[in-house]
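# Analysis of the macromolecular model
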Amino acid sequence: MGLAVAARLSEDLQDVFVLEKNTRFGQETSGHNSAVIHSGIHYPPKSLKAELCVQGNKMLYSICEKHGVPFKRLGKLTVAIEDEEVDEIERLMRQGEANGVEELRMIGGEEVKRLEPMVEVERALYSPTTGILEPDELMNYFYAEIQRHGGMFVPVTEVTSMGKVGDDYEVGGISSDEKFRIRAETVINCAGLNSDRVASMAGMDIDRLGYRLHWCKGDYFRVGGKPLVKMLVYPVPKGPGLGIHLTPDMAGGIRLGPNAYYVHDVSYEVESSEKEFRSDVERFLPSIVKREIRADSAGVRPKLEGPGQGFRDFVIRHEAERGLFGLINLVGIESPGLTASPAIAEFVSRLYHDEIAK
Ligand SMILES: Cc1cc2nc3c(=O)[nH]c(=O)nc-3n(C[C@H](O)[C@H](O)[C@H](O)COP(=O)(O)OP(=O)(O)OC[C@H]3O[C@@H](n4cnc5c(N)ncnc54)[C@H](O)[C@@H]3O)c2cc1C
């Protein structure tokens, strides 16, 4: 988010700096995801997640085509195994259409077999605009744009304090073992898993405002042998994730996952059992039983909803009404954040120009 937003803002503004605590970008959530360009079927109409995902999907394909970011428009099947799951994929189709997702289609068992011979279900929702991309290359593109516009990416620089001083913010922390303090007219908090903490540095009561994040981990396994599917194949979502699905990657391999469980610490070690993954996928892809699968990687979602809680939208807000003119918070940017990234950047740029720079 920081790179995407800075790439967009530095088109119009001088002195745009991205402060990053790690030695390079993409070491946290953006480097540990499914790399899927989502279509936008999963989010309630009029939510930011829905609107920014659908816009971001189109913008991402165009960025990838124009700037050589590797991608594949593979299409996706969301499969229904039981009767009530048929109702659910029909609901997803209506929701997707209300969100403006194009080309959605319900298909029957025969067409599923033609598209994906190994998948055994009677009904599926086909979404041709879903795809995959190379997230590192997308981040490299945003980084190059920042540099081209004269902005700066500053690694090994952790923000530990922030306070209002007159009309500005004083942002402090540690940069390469040295303390630093800078003055900024505008601060855009894109701190991912720490974005609630960064908001609290500015004096915000994150519990009262509902900004406290719950970290929700997802593990991946890799399937050995020849690819079992060509497209993305998802079950009907249940629980806090989208269900264990099959995602081809850009190198032609297939990953299973991610599952979803809440954690208190961030680690990228796979902690789940192979059995859970096999049994979930076996319901629609019986041939998985013959395949070797091995632990691959993991990612951690910055979720606003805690265990058992309902849908929460992205928070992308200029906090002027709360006495923090010039602070824009991005909190809870979980999936579809990668897909939405160029649209989020555009949204933040509009907030900046309409409310801060006017
Ligand atoms: C398992 C999983 C699968 C996903 N799959 C998809 C998908 O297929 N498609 C999709 O669209 N989205 C997906 N997402 C969501 C997507 O990955 C995120 O929305 C996106 O990467 C969030 O980007 P970010 O910049 O907010 O966070 P990050 O990439 O985590 O970046 C935040 C940065 O802030 C830095 N930082 C934090 N605190 C400080 C501080 N105090 N000072 C300085 N720097 C700081 C961090 O070091 C980090 O580099 C997935 C997420 C997960 C976890």
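Structure: see above.
Just so you know, these numbers come straight off a predicted model, no measurement behind them. (Residues numbered from 1 in each chain as written. Predicted model: local features only at pLDDT ≥ 70, side-chain atom pairs only at ≥ 80, totals over all residues. Heavy atoms only, no water.)

### What about the packing of helix α1 (residues 2-9) against helix α5 (residues 135-148)?
Test applied: The convention used is that axes are lines fitted to C-alpha atoms, helices contributing only their stretch in contact, and that angles between N-to-C directions extend from 0 to 180 degrees. Secondary structure counts use DSSP, requiring at least four H or I residues in a row for a helix and at least two E residues in a row for a strand, with both numbered from the N terminus. The crossing is said to be left-handed when, going from far helix to near helix, the turn is anticlockwise and less than a right angle, and right-handed when the turn is clockwise. The contact criterion used throughout is that any non-hydrogen atoms of two residues lie within 4.5 Å. Residue polarity follows a fixed list, in which Ala, Val, Leu, Ile, Met, Phe, Trp, Tyr, Cys and Pro are nonpolar, Asp, Glu, Lys and Arg are charged, and the others, Gly among them, are polar.
Two numbers describe how α1 lies on α5: the axes approach to 8 Å, and their chain directions differ by 35 degrees. In this structure, α1 crosses over α5, and the sense of that crossing is left-handed. Counted together, L3, A4, A6 and A7 of α1 and M139, F142, E145 and I146 of α5 form the full contact between these two elements. Counted by class, the contact of α1 with α5 contains 7 nonpolar, no polar and 1 charged residues.

### Regarding the sheet that holds strand β2 (residues 36-37)
Spelled out, the test is: For two strands to be treated as a pair, DSSP must find no fewer than two bridges joining them.
Pairing in this open sheet of 3 strands is antiparallel, and the strands run β2-β7-β3 from one edge to the other. Both outer strands of the open sheet, β2 and β3 (71-72), are each paired with one neighbouring strand and no more.

### Thoughts on the site of the ligand
Note the threshold: What makes a residue near a molecule or strand is one non-hydrogen atom of that residue sitting within 4 Å of it. Under this definition, polar contacts are N or O atom pairs within 3.5 Å; protein pairs additionally need one hydrogen-donor-capable and one acceptor-capable atom, and for neighbouring residues in sequence, both atoms have to be side-chain atoms. Accessibility throughout is a Shrake-Rupley quantity obtained with a 1.4 Å probe, and a residue counts as covered only by protein chains that appear here.
By nearness alone, 33 residues border the ligand, and M1, E20, S30, I333 and T339 come closest of all. Within the backbone of K21, one N or O atom sits 3.1 Å away from a nitrogen atom of the ligand. N22 is positioned with one of its side-chain polar atoms (N or O) 3.1 Å from an oxygen atom of the ligand. When the ligand is considered free in solution it has 1000 Å² of accessible area, and contact with the protein chains removes 95% of it.

### Looking at the sheet that holds strand β9 (residues 157-165)
Pairing is antiparallel across the open sheet formed by 3 strands, whose spatial order is β9-β10-β11. At either margin of the open sheet sits one strand with a lone partner, and together these are β9 and β11 (178-184). Mean inter-strand twist for the sheet, computed between neighbouring axes without regard to direction, equals 20 degrees. Bridge count for strand β10 (residues 168-175) against β11 is 7 bridges, and the pairing is antiparallel. Across the sheet, G173 pairs through a bridge with F180, a residue of β11.

### Focus on the pairing of strand β13 (residues 214-223)
Our working definition: We call a residue buried when its accessible area falls under 20% of the maximum for its residue type, exposed when it is over 50%, and partly exposed in between, using a 1.4 Å probe and counting protein chains only.
Counted residue by residue, β13 has 9 buried out of 10 residues, so it is predominantly covered. With 10 bridges connecting them, β13 and strand β18 (residues 293-303) associate as antiparallel partners. Paired with W215 across the two strands is P302, which belongs to β18. Sheet topology note: the β13/strand β17 (residues 261-263) ladder contains 3 bridges and is antiparallel. Bridge assignment links K217 to a residue of β17, and that residue is Y261. Sheet topology note: the β13/strand β16 (residues 254-257) ladder contains 3 bridges and is antiparallel.

### A look at the nonpolar core
Basically, it comes down to this: For our purposes a nonpolar core is just a set of buried Ala, Val, Leu, Ile, Met, Phe, Trp, Tyr and Cys residues, chained together by side-chain atoms within 4.5 Å.
L52, L133, L138, F142, F314, I316 and I344 are the most contacted members of the largest nonpolar core, which has 39 residues in total. Where this core is concerned, the elements lending two or more residues are α1, α2 (48-67), α5, β20 (327-331) and α8 (337-356). Element by element, the count of residues in this core is highest for α8, at 10 residues. Among residues more than four places away in sequence, those in contact with F314 are L48, K49, L52, V331, G332, I333, E334, S335, P336, G337, A340 and I344. Counting residues in each nonpolar core, the second largest holds 24 residues, with V119, V233, L256 and F277 among its members.

### Regarding the environment of R255
Considering the arrangement of structural elements, one finds R255 in strand β16. Judged by its relative accessible area of 11%, R255 is buried. Taking the C-alpha atoms as reference points, R255 and Y220, 35 residues apart in sequence, are found 6.4 Å from one another. For R255, the contacting residues outside a window of four places in its chain are N33, S34, Y220, F221, R222, H245, L246, T247, D296 and S297.

### Remarks on the packing of α1 against α8
What counts here: Any angle from 65 to 115 degrees is called roughly perpendicular, while one under 35 is roughly parallel, one over 145 is roughly antiparallel, and all others are oblique.
One can describe the packing of α1 onto α8 by two numbers: an axis separation of 8 Å at closest approach and a directional angle of 50 degrees. By the criterion of interaxial angle, the relationship of α1 to α8 is oblique. Our pair here, α1 against α8, has a crossing hand that is right-handed. Contacts between α1 and α8 involve A4, V5, R8 and L9 on the former and, on the latter, S341, A345, E346, V348, S349 and Y352. Classifying every residue of the contact of α1 with α8 by side-chain character gives 6 nonpolar, 2 polar and 2 charged.

### Let's talk about the pattern of salt bridges
Put simply, the test is: The salt bridge definition used is simple: a Lys or Arg side-chain nitrogen within 4 Å of an Asp or Glu carboxyl oxygen.
Overall, the coordinates contain 26 salt bridges when judged by the stated rule. For E65, the salt bridge is made with R73, and the minimal N-O distance between the two is 3.6 Å. A relative accessible area of 53% means that E65 is categorised as exposed. One salt bridge connects D168 with R183, and the closest N-O pair in it is separated by 3.6 Å. On the criterion of sequence distance, the pair formed by D168 in strand β10 and R183 in strand β11 is long-range, its members being 15 residues apart.

### Comments concerning helix α3 (residues 83-99)
Our working definition: Any helix carries an expected span of 1.5 Å times its number of residues minus one.
Here α3 spans 25 Å end to end across 17 residues, near enough to the 24 Å set by a 1.5 Å rise per residue. Buried residues of α3: E85, V86, I89, L92, M93, Q95, G96 and N99, and no others. Contact partners of the buried residues in α3: α2, β4 (76-80), β5 (105-108) and β6 (123-127). Just downstream of α3, G100 is the residue with a positive phi angle, here 95 degrees.

These figures capture arrangement, not role.
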